[in-house]
Amino acid sequence: MINYLYQEQNWQSQLSDLITDPRELLNILELSEQQLLSGALLASNQFKLRIPRAFVAKMQKGNPLDPLLLQVLPHHLELEDHPGFVTDPLGEEQANQQPGVLHKYKSRFLLTLTGACAVHCRYCFRRHFPYQENLPKTEDWDNIRNYIESQPDINEVILSGGDPLTLSNRKLNIWIERLASIPQIKFLRIHSRVPIVIPNRVDESLISLLKNSRLRIILVVHSNHASELDDFTCSQLAKLVEQNITVLNQAVLLNGVNNSAQVLVDLSYRLFDAGVMPYYLHVLDKVKGAHHFDLMPQDIDHIYKELLANLPGYLVPKLVREIAGEKNKTPLFGVSTY
Ligand code: SF4
């Protein structure tokens, strides 16, 4: 395949050469532009198409139902309104304490340092989030530090989407050092899809800054399907694991993409090949524009029962839903049996 081309190219040039035109994407995949039913281009204007070429190289040419393609291709159904599907399904505007700070949980808070992502996932619960009004600047650091110090329960910071690994290593290092200078912070979690869609993001400089931090680093990657994890991607993830950096995966259960126990079993084993532990399997957040990815509760229940039956316990991700205002993610399976 053509994947090897991207193994040689540095991640910055890949990030600056994203595919943003749905028609170009379909041409590369040898698919007809008829795939873009009326409304899809409008959906793309509302939440722009963004895909790294290295991720497209993992898709199957000629397959309009490729599970990677379905996650990123704008769809006319995104324009439909559905009851309960809203622009801020997790109530994050309420939790937005100050620029960059989203404090939803007791011991940890989210710091959004950028609104940029390497890929736009059509089901993203932050697809309507007003990032530009929320990004912290250097002069906001004192306020963030004061906020942390006023909350002695906080021991962990989560760098979250937009994707923190779209930042340069220099900028990332500045923020990690700032956070490490606060003694009460022990853990730094980085949520990122970039190592999956641009595996070269795991470069020597990133590995070095993560492994040499005073903070215990946990990288939570986001992969929904084993086809995202080719040999090169797995070998890049394994480089982090070899340096004692904890790498976990969170996935989202998506109709048409991974709504099958076998697909999720394959994903767990593939992650484990790379030394990555399955962490969460999220039920879709009810964000406006993502209704077509939703599943019926009985189907979710059936898939998860199959997962439990077919995987060793340590490879079964926790099935959770995030509920606005709750102090933790809500585990779903089996709750009614207690
Ligand atoms: S990478 Fe994460 S934050 Fe960015 S669009 Fe995808 S799901 Fe949303």
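Reading guide: rules and limits
- Throughout this description, residue numbers start from 1 for each chain and increase along the sequence as written.
- Given that this is a predicted model, residues contribute local features only at a pLDDT of at least 70 and side-chain atom pairs are listed and counted only at 80 or more, while totals for whole chains, interfaces and linings are drawn from all residues.
- Values reported for side chains reflect all heavy atoms of the structure, with hydrogen atoms and water molecules removed beforehand.
- Numbering of helices and strands starts at the N terminus; helices are DSSP runs of H or I of at least 4 residues and strands are runs of E of at least 2.
- For the radius of gyration, the atoms used are the C-alpha atoms, and the globule rule reads 2.2 Å times the number of residues raised to 0.38.
- Working definition: with a 1.4 Å probe on protein chains only, accessible area under 20% of the residue-type maximum means buried, over 50% means exposed, and in between means partly exposed.
- By definition, residues are in contact when any of their heavy atoms lie within 4.5 Å.
- A 1.4 Å probe and the Shrake-Rupley method give the accessible areas. Residues count as covered only by the protein chains that appear here.
- Here Asp and Glu are counted as negative and Lys and Arg as positive; His is not counted, and neither are the chain ends.
- A single reference atom marks each charge: NZ on Lys, CZ on Arg, CG on Asp, CD on Glu.
- Think of it this way: a Phe, Tyr or Trp ring, Trp meaning its six-membered ring, pairs with another when their centres are within 6.5 Å, and the plane angle makes it stacked under 30 degrees, edge-to-face over 60, tilted otherwise.
- Geometry is summarised by axes, namely lines fitted to C-alpha atoms with helices restricted to the contacting stretch, and by angles between N-to-C directions that run from 0 to 180 degrees.
- Each crossing gets its handedness from the near helix: less than a right angle anticlockwise from the far helix is left-handed, clockwise is right-handed.
- Just so you know the grouping, Ala, Val, Leu, Ile, Met, Phe, Trp, Tyr, Cys and Pro go in nonpolar, Asp, Glu, Lys and Arg go in charged, and all remaining residues, Gly too, go in polar.
- Following DSSP output, two strands are said to pair if at least two bridges run between them.
- Domain start and stop positions are those given by an automatic or database domain assignment.
- Buried area adds together the accessible area that both of two parts lose upon being put together, with accessible area traced by a 1.4 Å probe.
- Within this document, salt bridges are pairs made up of a side-chain nitrogen of Lys or Arg and a carboxyl oxygen of Asp or Glu, the two lying within 4 Å of each other.
- Two N or O atoms count as a polar contact when they lie within 3.5 Å, although within protein this holds only if one can serve as hydrogen donor and the other as acceptor, and sequence-adjacent residues are included solely when both atoms are side-chain atoms.
- UniProt positions are given in the numbering used here, feature names are shortened, and annotations may be inferred rather than shown by experiment.
- Throughout, right-handed denotes a crossover for which the path from the first strand over the helix to the second runs clockwise when the strands point away from the viewer.
- One heavy atom within 4 Å of a molecule or strand makes the whole residue count as near it.

(A) Representation of the overall build of the protein within the structure. A tally of helices and strands in the protein yields 14 helices and ten strands. Computed over its C-alpha atoms, the radius of gyration of the protein comes to 19 Å, within 12% of the 20 Å expected for a compact globule of 338 residues. Taken across its 338 residues, the protein has 55% of its residues classed as buried. Restricting the contact set of the protein to residue pairs at least 6 apart, pairs at least 24 apart contribute 82%. Carbon and sulfur atoms make up 50% of the accessible area of the protein, which amounts to about 15000 Å² in all. Across the protein, 33 positive and 37 negative side-chain charges occur, with their mean positions spaced 5 Å apart.

(B) Representation of the packing of aromatic side chains within the structure. Inspection of the entire model under this criterion finds five aromatic pairs. Measuring from centroid to centroid gives 6.3 Å for Phe109 and Tyr147, while their planes differ by 85°, and the two rings are edge-to-face. With a gap of 38 residues between them, Phe109 in strand 3 (residues 108–111) and Tyr147 in helix 8 (residues 141–149) connect regions that are remote in the sequence. Both residues of the pair, Phe109 and Tyr147, belong to the buried class.

(C) Fine view of unusual backbone geometry. The phi dihedral of Glu30 is positive, around 55°, even though this residue is not glycine. Overall, Glu30 belongs to the exposed group, its relative accessible area being 57%.

(D) Examining the packing of helix 8 against helix 9 (residues 169–180) more closely. Packing of helix 8 against helix 9 brings their axes to within 11 Å, and their N-to-C directions diverge by 35°. In this structure, the crossing between helix 8 and helix 9 has a hand that is right-handed. Facing Trp141, Ile144 and Ile148 of helix 8, the residues of helix 9 in contact are Trp175, Arg178 and Leu179. Looking at the contact of helix 8 with helix 9 residue by residue, the class counts come to five nonpolar, no polar and one charged.

(E) Main features of the sheet that holds strand 2 (residues 101–102). Spatial strand order, 1-2-3-4-5-6-7-8-9-10: ten strands in an open sheet with mixed pairing. A single partner strand is all that each edge strand has here, and the edge strands are strand 1 (96–98) and strand 10 (330–331). Here strand 1 pairs with strand 2 via two bridges, running antiparallel. When the bridges of strand 2 are listed, Gln98 appears paired with Val101.

(F) Fine view of the domain arrangement of the protein. Annotation of the protein at the domain level lists domain 1 (4–79) and domain 2 (92–337). Spacing between the C-alpha centres of domain 1 and domain 2 amounts to 22 Å. Summed over both partners, the interface of domain 1 with domain 2 buries about 2600 Å², with 60% contributed by carbon and sulfur atoms. On the domain 1 side of the contact with domain 2, Trp11, Phe47 and Gln71 bury the most area, a combined 32% of that side's loss. Here domain 1 is connected to domain 2 by two salt bridges. In this structure, Arg122 engages Glu78 in a salt bridge whose closest nitrogen and oxygen atoms are separated by 2.9 Å. In this assembly, domain 1 and domain 2 are joined by 18 residue pairs in polar contact (both at pLDDT 80 or more). Among the secondary structure elements, those contributing two or more residues to the side of domain 1 that touches domain 2 are helix 1 (4–8), helix 2 (11–15), helix 4 (40–46), helix 5 (53–56) and helix 6 (67–72). It is helix 6 that contributes the most residues to the side of domain 1 that touches domain 2, five residues altogether. Residue composition of the side of domain 1 that touches domain 2, grouped by class: 18 nonpolar, six polar and five charged.

(G) Quick look at the UniProt feature "domain: Radical SAM core" (unreviewed entry) in the protein. Per the UniProt entry, the sites bearing "domain: Radical SAM core" (unreviewed entry) are residues 103–318 in this numbering. Secondary structure content for residues 103–318 is 33% helix and 16% strand, and the end C-alpha separation is 22 Å.

(H) Geometry of the pairing of strand 3. Residues Arg108 and Leu110 of strand 3 are buried on one face, and the alternating residues Phe109 and Leu111, pointing to the opposite face, are buried as well. Both strand 2 and strand 3 contribute to a ladder of two bridges, which runs antiparallel. Bridge pairing links Leu102 to Leu110 in strand 3. In this antiparallel pair of consecutive strands, strand 2 and strand 3, the connection spans five residues. One crossover worth recording links strand 3 to the parallel strand 4 (residues 156–159) by way of helix 8, and it is right-handed.

(I) Local environment of the environment of Leu49. Here Leu49 lies in the loop between helix 4 and helix 5. When the C-alpha positions of Leu49 and Arg122 are compared, they lie 8.7 Å apart, and in sequence the two are 73 residues distant. Excluding residues within four positions of it along the chain, Leu49 makes contact with Ile19, Thr20, Asp21, Pro22, Leu25, Ser44, Val72, Leu73, Pro74 and Arg122.

(J) Fine view of the site of the ligand. Neighbouring the ligand are the residues Cys117, Val119, His120, Cys121, Cys124, Gly161, Arg193 and His222. Of the residues assigned to the shell around the ligand, the class counts are four nonpolar, three polar and one charged.

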